Amino acid sequence: VGAAGLTIEALRAELTRSLASFYRASEFFCELMVPRTFVVYVLGEVETPGPVQMVPPFRLDAALAGAGGVTDRGSERAIEIREDGVATRAIDQVKFRRLGDTGMNPMLHEGQRIYVPSRGPACQVVGEVWRDAAYEILPQETVIDLIVLAGGFTTNAERDKIVVEQLSNDEKVTIIELAEEDARATLVRDRDVIVVPDKRSFPGIEFVRVQGGGGR
């Protein structure tokens with residue numbers, strides 16, 4: 001009786017069906033003694049690129065941890081799962097950890113390879129969000145997409161006066177003020193700073209840019 005690909009309960013049912021003519025009025029019990037293991041290769045911007053032995057539950061985060069984790073130069077938002085040298089899926093581990101998207105932590109199987117590319121463009125989200133930080137930007141992401149990634153608005157956020165600081169190639173700063181609806185359609189660029197102000201601030205405040213000394 002072949003057990004490959006069956007759950008324990010399915011194997012038990014198959015044994016009962018196949019052996020009923022030999023063992024009448026019998027009941028069969030199955031137990032997994034040793035789970036199988038296999039090797040996947042984790043390559044690119046991880047601490048120790050190379051083979052990683054996978055044990056249950058065979059998920060992507062375990063493979064990355066087995067390779068020492070993603071380096072500071074690596075992308076956690078554009079991880080590639082490859083089969084036969086072809087990228088079959090792009091995975092965003094930040095969405096798995098921050099937003100609970102379990103589809104971004106898939107099961108792996110033998111023969112797959114994991115490639116972690118270099119980190120791409122990034123922007124900073126500060127102010128009245130739950131997790132202000134610098135976030136890597138994926139293509140076609142908007143200001144609201146990045147705010148959601150930062151945990152969303154706090155209860156004190158001024159949603160209709162979101163400020164975006166954009167820095168040009170010649171280091172000139174443009175400051176844009178957006179309502180929440182407009183922020184849903186505004187694409188984020190490399191080196192942008194998204195500022196969500198506090199609605200308890202004094203009304204009529206204008207924004208100025210102060211530079212130098214390495215601070216913000």
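## Quick word on the overall build of the protein chain
Here is step 1: When its secondary structure is counted, the protein chain shows five helices and 10 strands.
Here is step 2: Here the C-alpha radius of gyration of the protein chain, 25 Å, is well above what a compact globule of 216 residues would show, namely 17 Å.
Here is step 3: The principal-axis extent of the C-alpha atoms belonging to the protein chain is close to 90 × 35 × 25 Å.
Here is step 4: Counting the 216 residues in the protein chain, one finds 34% classified as buried.
Here is step 5: Long-range contacts, defined as pairs at least 24 residues apart, comprise 52% of the intrachain contacts of the protein chain with a sequence gap of at least 6.
Here is step 6: As displayed, the protein chain offers around 13,300 Å² of accessible surface, 52% of which is attributable to carbon and sulfur atoms.
Here is step 7: Side-chain charges in the protein chain split into 25 positive and 33 negative, and the spacing between the mean points of these groups amounts to 2 Å.

## Things to note about the sheet that holds strand β1 (residues 38-44)
Here is step 1: Read across the open sheet, the five strands follow the order β2-β1-β5-β3-β4; overall the sheet is mixed. Of all strands in the sheet, those bounded by a partner on one side alone are β2 (50-54) and β4 (86-91). Strand after strand, the sheet turns through a mean of 30° between neighbouring axes, direction not considered.
Here is step 2: In this sheet, β2 lies alongside β1 in antiparallel orientation, the contact comprising five bridges. When the bridges of β2 are listed, F38 appears paired with M54.

Parameters at a glance
- Residues numbered from 1 in each chain as written.
- Predicted model: local features only at pLDDT ≥ 70, side-chain atom pairs only at ≥ 80, totals over all residues.
- Heavy atoms only, no water.
- Helix = DSSP H or I, 4+ residues; strand = E, 2+ residues; numbered from the N terminus.
- Rg over C-alpha atoms; globule rule 2.2 N^0.38 Å.
- Buried < 20%, exposed > 50% of the residue type's maximum accessible area, 1.4 Å probe, protein only.
- Contact = heavy atoms within 4.5 Å.
- Areas by Shrake-Rupley, 256 points an atom, 1.4 Å probe, with all protein chains shown as cover.
- Lys, Arg positive; Asp, Glu negative; His and termini not counted.
- Charge placed at Lys NZ, Arg CZ, Asp CG, Glu CD.
- Pairing = 2+ DSSP bridges.
- Axes fitted to C-alpha atoms, helices over the stretch in contact; angles between N-to-C directions.

Just distances and angles here, no functional claims.
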